[in-house]
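Here's the letter readout for the chains.
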Amino acid sequence: MNASNIELGMLALAEADPDIARALPLVGAPSPRQRGHGFPTFFGTIVSQQISTEAARAIMGRVNTLLPELHAKAVMEIEGQALRDAGLSWRKVEYAKGLAEAELAGTFSADGLVHLSDDEVIAAITQLRGFGRWSAEIYLMFSLKRPDIFPADDLALRVALGRLKGMEAKPTPKQARNMVEHWAPWRSVGSLFLWHYYRGEPV
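Residues numbered from 1 in each chain as written. Predicted model: local features only at pLDDT ≥ 70, side-chain atom pairs only at ≥ 80, totals over all residues. Heavy atoms only, no water.

### Points about unusual backbone geometry
Turning to step 1, where the next piece is worked out: Looking along the chain, the bond that leaves A184 and enters P185 is cis, with omega of 5°.
Turning to step 2, where the next piece is worked out: In this structure, P185 sits in the loop between α11 (173-179) and α12 (187-200).
Turning to step 3, where the next piece is worked out: Unusually for a residue other than glycine, Q50 sits at a positive phi of about 65°.
Turning to step 4, where the next piece is worked out: With respect to the helices and strands, the residue Q50 is situated in the loop between α3 (39-48) and α4 (53-66).
Turning to step 5, where the next piece is worked out: Residue class for Q50 comes out exposed when judged on its relative accessible area of 86%. (Helix = DSSP H or I, 4+ residues; strand = E, 2+ residues; numbered from the N terminus. Buried < 20%, exposed > 50% of the residue type's maximum accessible area, 1.4 Å probe, protein only.)

### As for helix α10 (residues 155-164)
Turning to step 1, where the next piece is worked out: In terms of residue burial, α10 counts as a mostly covered element, since seven of its 10 residues are buried.
Turning to step 2, where the next piece is worked out: Of the positions making up α10, those classed as buried are A156, L157, R158, A160, L161, G162 and L164.
Turning to step 3, where the next piece is worked out: As for α10, its buried residues are in contact with α2 (18-27), α11 and α12.
Turning to step 4, where the next piece is worked out: At the N-terminal end of α10, a side-chain oxygen is found 3.2 Å from the backbone nitrogen of A156, two or three residues along, and the residue is D154.
Turning to step 5, where the next piece is worked out: Immediately beyond the C-terminal end of α10, within one or two residues, lies G166, with a positive phi of roughly 70°. (Contact = heavy atoms within 4.5 Å. Polar contact = N/O pair within 3.5 Å; in protein donor to acceptor, adjacent residues only side chain to side chain.)

### A few points about the packing of aromatic side chains
Turning to step 1, where the next piece is worked out: The tally for this structure, following the rule as stated, stands at six aromatic pairs.
Turning to step 2, where the next piece is worked out: Both rings, one in F42 and one in F131, keep their centres 5.7 Å apart while their planes meet at 65°; by these two values the pair is edge-to-face. Highlighted residues: F42 in helix α3 and F131 in the loop between α8 (118-126) and α9 (133-142), separated in sequence by 89 residues.
Turning to step 3, where the next piece is worked out: According to the relative accessible area criterion, F42 is buried, its value standing at 2%.
Turning to step 4, where the next piece is worked out: Lying across the ring of W195, R33 places its NZ or CZ 5.2 Å from the centre. (Phe/Tyr/Trp six-rings, centres within 6.5 Å; stacked < 30°, edge-to-face > 60°. Lys NZ or Arg CZ within 6 Å of the ring centre and 35° of its normal.)

### Re the domain arrangement of the protein
Turning to step 1, where the next piece is worked out: Structurally, the protein comprises domain 1 (3-31 + 148-200) and domain 2 (39-143).
Turning to step 2, where the next piece is worked out: For domain 1 and domain 2, the distance between their C-alpha centres works out to 29 Å.
Turning to step 3, where the next piece is worked out: Counting residues at the interface gives 11 residues for domain 1 and eight residues for domain 2.
Turning to step 4, where the next piece is worked out: For the pair domain 1 and domain 2, the summed buried area comes to about 740 Å², and 70% of that belongs to carbon and sulfur atoms.
Turning to step 5, where the next piece is worked out: Applying the counting rule to domain 1 against domain 2 returns one salt bridge. (Domains from an automatic or database assignment. Buried area = accessible area lost by both parts, 1.4 Å probe. Salt bridge = Lys/Arg side-chain N within 4 Å of Asp/Glu carboxyl O.)

### Description of the side chain of K92
Turning to step 1, where the next piece is worked out: On the secondary structure map, K92 appears in helix α7 (residues 90-105).
Turning to step 2, where the next piece is worked out: For the buried K92, which has no salt bridge, the nearest side chain bearing the opposite charge is E54, at an N-O separation of 13 Å.
Turning to step 3, where the next piece is worked out: When neighbours within four sequence positions are excluded, K92 is seen to be in contact with I46, V47, S48, Q49 and I51. (Lys, Arg positive; Asp, Glu negative; His and termini not counted.)

Structure below.
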């Protein structure tokens, strides 16, 4: 999602939803965000689970020193203890080895996801150990740049949606998905806006 896509999406969303039309002038449009794609991104997702961004960056620095070419064969060949020494927990070592094994066996193809539908990508990613729907939807949004994704399991997203809609409590994931159905086909831009609103909502 580049700046022009976000601008187009925000115009469409403001027309479709009066609450966005009200909030947009107060906080402005969100900035573009994107991530890499392929096997290294999935490995990095495992590393970053449940730790700070700074800690994940430090661990990935050590991993990249160990494995200058981060691909499935290299991960399978390296000793688990070496990954543990780099900072991964044993559970994450297990997930990383499982990811590499699936890639080498052909039951999962990180590069092949680009050719699949949104639902097929979610099914392919969530069959891996250590990856849930949220991880799959974030990959769809930021790595594959799919335009109509709403990762409703994201807590900040639901808190922001509840505030935007004047609710006393945040909606459940199912409620949130229903509440933004009319944002299609711009739900990825709507998600970006909610994260932006969460950080910049006026008091």
